[in-house]
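Structural features, examined
Spelled out, the chains give:
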Amino acid sequence: MRLYLAVGCGAAVGSLTRFLSGYVIVSLLGLNALWSTAFVNVVGSWVIMAFATLTGPDGRLMVSQAARNFVMAGFCGGLTTFSAMSLDTFLLLFQGDWPLAATYLISVVGLSLAAAWLGYLMASRLNRLPVER
Amino acid sequence: MTLAACALVLIGGFLGGVCRFFLSGVVGRGVGETFPWGTLAVNVSGALAIGAFAGAARSVGGIFASDLVRDLVVVGLFGGYTTVSSFCLQTLNLGLDGEGRLAAFNVVASAALCVLFVALGFWAVVWVVSSTTWVVGSATGAAG
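Here is a short report on the structure shown in this document. Keep in mind that this is a model prediction, so the values were computed, not measured. (Residues numbered from 1 in each chain as written. Chains lettered and ligands numbered in written order. Predicted model: local features only at pLDDT ≥ 70, side-chain atom pairs only at ≥ 80, totals over all residues. Heavy atoms only, no water.)

1. Section: the overall build of chain B
The helix and strand inventory of chain B stands at five helices and zero strands. When the helices and strands of chain B are listed from N to C terminus, the series reads α-α-α-α-α. Across its three principal directions, the C-alpha atoms of chain B cover 55 × 35 × 25 Å. Restricting the contact set of chain B to residue pairs at least 6 apart, pairs at least 24 apart contribute 75%. Carbon and sulfur atoms make up 72% of the accessible area of chain B, which totals about 6,800 Å². Taking the average location of the 5 positive side-chain charges in chain B and that of its 5 negative ones, the two points are 7 Å from each other. (Helix = DSSP H or I, 4+ residues; strand = E, 2+ residues; numbered from the N terminus. Contact = heavy atoms within 4.5 Å. Areas by Shrake-Rupley, 256 points an atom, 1.4 Å probe, with all protein chains shown as cover. Lys, Arg positive; Asp, Glu negative; His and termini not counted. Charge placed at Lys NZ, Arg CZ, Asp CG, Glu CD.)

The structure is reproduced here in structure tokens:
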């Protein structure tokens, strides 16, 4: 029950962050909505992998199971979205712009995986730093 | 961008996150955690749902095309439900465990199935609406 509450609250905050960053990217910066979905997915993938590595068995951060679920399944899960990315891709295909649809889907998935890998490398490096006394 | 819209996104995101945690847990416990079937099931079902909603917004219009319902259901509920971060985490973990082929399969299957299921949901709703005469719809979804 506590874990569900942690995930739900994290997902609510993550979703609101996605909504607000979409507002900034689309309405304030005037960029295409495709950029806002790409941005949250890449950032969320970096955060989840960095946090998972820092708080894992070899990590240097000790957090409770609820806190781990709040950040990972909750915040990162709510921040990122597979459904909007798939819908954007479908709508591009629907408009007949299959080159952009393919470029978009492949680059967002590829960049998200690369961001997660970067998060893993950065956090592993932090984990290996000598502990200061 | 109103306070009401933010509140709806919070509520939808909460419910979406809880549904995802529940379903991925049930699927994971059911078929094992080696391959992330739970996250795949969440993302594919979320894709079907968002496609169906987009189809309804286009062919029915009305409340399906209203901004606040969209903020609650599409941005909050479906957005909070589906996830790219867990997908990346699990794909990388498969790769780090030496299961490169499973990792590649997860990437291809997730991307292909999600786009396919958006299309299925979209066309199913558009087809049902167009073949029923009792719906007074608008083709653009802008008014209805």
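2. Quick notes on the interface of chain A and chain B
Note on interface size: it is often stated as the accessible area lost on association of the parts. The interface is formed by 47 residues belonging to chain A together with 44 residues belonging to chain B. In this assembly, chain A packs against chain B so that about 3,700 Å² is buried in total across both faces, 82% of it on carbon and sulfur atoms. When residues of chain A are sorted by the area they lose upon contact with chain B, Tyr4, Phe19 and Phe82 of chain A head the list and together hold 20% of the total. Inspection of the region where chain A meets chain B yields zero salt bridges. Every element with two or more residues in the side of chain A that touches chain B is listed here: α1 (2-28), α2 (33-54), α3 (65-79), α4 (82-94) and α5 (98-128) of chain A. Taken together, the residues that form the side of chain A that touches chain B break down as 31 nonpolar, 15 polar and one charged. (Buried area = accessible area lost by both parts, 1.4 Å probe. Salt bridge = Lys/Arg side-chain N within 4 Å of Asp/Glu carboxyl O. Nonpolar A, V, L, I, M, F, W, Y, C, P; charged D, E, K, R; others polar.)

3. As for the side chain of Thr81 of chain A
Looking at the element boundaries, Thr81 of chain A is found in the loop between α3 and α4. What makes Thr81 of chain A buried here is its relative accessible area of 3%. There is a polar contact of 3.4 Å between the side chain of Thr81 of chain A and the side chain of Thr82 of chain B. Setting aside chain neighbours within four positions, we find Thr81 of chain A in contact with Arg18, Thr37 and Asn41 of chain A together with Gly79, Thr82 and Val84 of chain B. (Buried < 20%, exposed > 50% of the residue type's maximum accessible area, 1.4 Å probe, protein only. Polar contact = N/O pair within 3.5 Å; in protein donor to acceptor, adjacent residues only side chain to side chain.)

4. Looking at the layout of surface pockets
Where empty space is left in the structure can be found by rolling a water-sized probe over the atoms. Taken as a whole, the largest pocket encloses approximately 1,100 Å³ of empty space. Lining the largest pocket are 39 residues, with Ala33 and Asp88 of chain A together with Arg70, Val74 and Val75 of chain B sitting closest to its centre. For the lining of the largest pocket, the elements supplying multiple residues, two or more each, are α1, α2 and α4 of chain A together with α2 (37-59) and α3 (67-81) of chain B. With seven residues, the top contributor of residues to the lining of the largest pocket is α3 of chain B. For the lining of the largest pocket, the per-class residue count stands at 22 nonpolar, 11 polar and six charged. What lines the second largest pocket is a set of 29 residues, and nearest its centre among them are Ser24, Glu33, Thr39, Leu89 and Gln90 of chain B. Secondary structure elements with two or more residues in the lining of the second largest pocket: α3 of chain A together with α1 (3-31), α2 and α4 (85-96) of chain B. Counting residues per element, the lining of the second largest pocket draws most heavily on α1 of chain B, at six residues. (1 Å grid on protein atoms, 1.4 Å probe; cavity = no way out; pocket = protein on both sides within 12 Å on 5 of 7 lines; lining within 4 Å. Points joined across faces, edges and corners; volume = space filled by probe spheres on them.)

What is shown is where atoms sit, not what they do.
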